[in-house]
Amino acid sequence: MTNYVITHLRELESEAIFVIREIAAQFENPVLLFSGGKDSILLTHLAKKAFFPAKIPFPLVHIDTGHNFPETIDFRDNLVKKLGVKLIVGSVQNAIDNGRVIEESGANASRNSLQIVSLLDTLEEHKIDAAMGGARRDEEKARAKERFFSHRDEFGQWDPKNQRPELWNLFNGRKHFGEHFRVFPISNWTEMDVWEYIKLENIELPSLYFSHERECVLRDGVILANSKFIKLKKGEEVRTMTVRYRTCGDMPITGAVESTANSLDQVIKEISYTRTTERGGRADDKRAETAMEDRKKQGYF
């Protein structure tokens, strides 16, 4: 890793830590949205550095769909125990059981959009006024419209045409009662930046991100993990493949990539020549041209 790359990563690190400290200074009850994916893990690492030697002064919030990869849940629980931080879990299954949402049916059923209600309920229940997440602008065109401080109205909704200007490092966290902010400290990072920083800081990740054998189903060009949450369509068959994941979501919608990359160096090399985005294999993003933006307007991450 060249000195230029290291300097670049330290500048991104400094910017993110500044934003995280701004969140702690401006808001009364902030939280960190934790999915168990590489970006939220990196953000948690940055929060740890921002307040060291003290502990992270806010809870982690995980919206549990019930369709998570087991590796993700195990990693989450071990990390929370290691850091000694509070974990708040919002349950999609509870929302279904209580009649707050209706579960989709059919072979393409997903609980992804159902997270919106569970997230908003969790934010309201715990009176959270700022929820920071690991979303980056290079991930998806809707996320490219976000500011660092992204205002949400009293219904948790986002208006991409009505955002506050952010001049230099001045962030406006003023809000009315009942409103809140989503904050994205690593907005300016790229996927490559994330992986190179993970290597630089030796950050531990779930095994999902490295090459492994898994029973998979090929559906509409997307490699999905076979599990009890997926219903096979006519003509589909399960086969063992050597894969890894570039992004971490629900098992029925998160696409894997065929890969033999089993180390950070190999993953970085692989990313350097890929021509598809990390969310290119997410089945939920393929439902419509504006699928992500539509979900975000309703209160998605």
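Residues numbered from 1 in each chain as written. Predicted model: local features only at pLDDT ≥ 70, side-chain atom pairs only at ≥ 80, totals over all residues. Heavy atoms only, no water.

Moving on, we get to the side chain of arginine 246. Note that arginine 246 resides in the loop between strand 9 (238–244) and strand 10 (257–258). Arginine 246 sits in the buried class, given a relative accessible area of 6%. With near-sequence residues (within four places) excluded, arginine 246 lies in contact with Lys38, Glu191, Tyr209, Val257, Thr274, Thr276, Thr277 and Glu278. (Helix = DSSP H or I, 4+ residues; strand = E, 2+ residues; numbered from the N terminus. Buried < 20%, exposed > 50% of the residue type's maximum accessible area, 1.4 Å probe, protein only. Contact = heavy atoms within 4.5 Å.)

Let's shift gears to a nonpolar patch on the surface. On the surface, Leu167, Trp168 and Leu170 cluster together into a nonpolar patch covering about 430 Å² of accessible area. Topologically, tryptophan 168 is positioned in the loop between strand 5 (149–152) and strand 6 (180–183). A residue is classified by how much of its surface remains accessible, and tryptophan 168, at 74% relative accessible area, is exposed. (Patch = residues over 30% accessible without salt bridge, like charges linked within 9 Å, V, L, I, M, F, W, Y side chains within 5 Å. Areas by Shrake-Rupley, 256 points an atom, 1.4 Å probe, with all protein chains shown as cover. Salt bridge = Lys/Arg side-chain N within 4 Å of Asp/Glu carboxyl O.)

Our next topic: the sheet that holds strand 9. Reading across the sheet, the four strands line up as 8-7-9-10 and stay open at both edges, with antiparallel pairing between neighbours. Pairing within the sheet leaves two strands with one partner each, and these edge strands are strand 8 (222–225) and strand 10. Strand direction decides the pairing type here: strand 7 (residues 212–219) and strand 8, joined by four bridges, are antiparallel. Directly across from leucine 218, in strand 8, lies its bridge partner isoleucine 223. (Pairing = 2+ DSSP bridges.)

Between phenylalanine 52 and the following residue, proline 53, the backbone shows a cis peptide bond with an omega angle of 10°. Take proline 53: it is sitting in the loop between helix 2 (38–51) and strand 2 (60–64). Even without glycine at this site, asparagine 202 takes up a positive phi of about 55°. Position of asparagine 202 relative to the elements: it lies in the loop between helix 6 (191–201) and strand 7.

This brings us to the packing of helix 6 against helix 7 (residues 264–273). Two elements in contact, helix 6 and helix 7, have axes separated by 10 Å at closest approach and are oriented at 165°. Considering their axes alone, helix 6 and helix 7 lie roughly antiparallel with respect to each other. Crossing of helix 6 over helix 7 shows left-handed handedness. Seen from helix 6, the contacting residues are Glu191, Met192, Trp195, Glu196, Ile198 and Lys199; seen from helix 7, they are Leu264, Asp265, Val267, Ile268, Ile271 and Ser272. (Axes fitted to C-alpha atoms, helices over the stretch in contact; angles between N-to-C directions. Parallel < 35°, antiparallel > 145°, perpendicular 65-115°, else oblique. Left-handed = near helix turned anticlockwise from the far one by under 90°.)

Attention now moves to the side chain of arginine 136. Relative to the helices and strands, arginine 136 is located in the loop between strand 4 (130–132) and strand 5. There is a polar contact of 2.8 Å between the side chain of arginine 136 and the side chain of aspartate 39. A polar contact of 2.9 Å, which involves the side chain of arginine 136, links it to the side chain of aspartate 138. Once residues lying within four places of it in the same chain are set aside, the contact partners of arginine 136 are Lys38, Asp39, Arg143, Ile186, Ser187, Trp189, Thr190, Glu191, Val194 and Glu278. (Polar contact = N/O pair within 3.5 Å; in protein donor to acceptor, adjacent residues only side chain to side chain.)

Domain assignment breaks the protein chain into domain 1 (8–194 + 289–298) and domain 2 (206–285). With centres defined by C-alpha atoms, the gap from domain 1 to domain 2 works out at 23 Å. At the junction of the two partners, domain 1 supplies 30 residues and domain 2 supplies 28 residues. Buried area between domain 1 and domain 2, both sides added, is near 2,400 Å², and the carbon and sulfur share of it is 54%. The interface formed by domain 1 and domain 2 contains two salt bridges. The residue arginine 246 makes a salt bridge to glutamate 191 at a minimum N-O spacing of 2.7 Å. (Domains from an automatic or database assignment. Buried area = accessible area lost by both parts, 1.4 Å probe.)

Now for helix 6. In terms of residue burial, helix 6 counts as a mostly covered element, since eight of its 11 residues are buried. Listed in full, the buried residues belonging to helix 6 are Glu191, Asp193, Val194, Trp195, Glu196, Tyr197, Ile198 and Glu201. For helix 6, the secondary structure elements touched by its buried residues are helix 1 (3–26), helix 2, strand 9 and helix 7. In the stretch just after helix 6, asparagine 202 is the one whose phi turns positive, near 55°.

Where helix 1 contacts helix 6, the two axes come as close as 10 Å, and the packing angle between them is 100°. Here helix 1 lies roughly perpendicular to helix 6, going by the angle between them. Taken together, the residues of helix 6 that come into contact with helix 1 (itself represented by Val5, Ile6, His8, Leu9, Arg10, Leu12 and Glu13) are Asp193, Glu196, Tyr197, Leu200 and Glu201.

The computed volume of the largest pocket comes to approximately 540 Å³. Looking at the lining of the largest pocket element by element, the count peaks at five residues for helix 5 (residues 115–125). Considered class by class, the residues forming the lining of the largest pocket number seven nonpolar, seven polar and 11 charged. (1 Å grid on protein atoms, 1.4 Å probe; cavity = no way out; pocket = protein on both sides within 12 Å on 5 of 7 lines; lining within 4 Å. Points joined across faces, edges and corners; volume = space filled by probe spheres on them. Nonpolar A, V, L, I, M, F, W, Y, C, P; charged D, E, K, R; others polar.)

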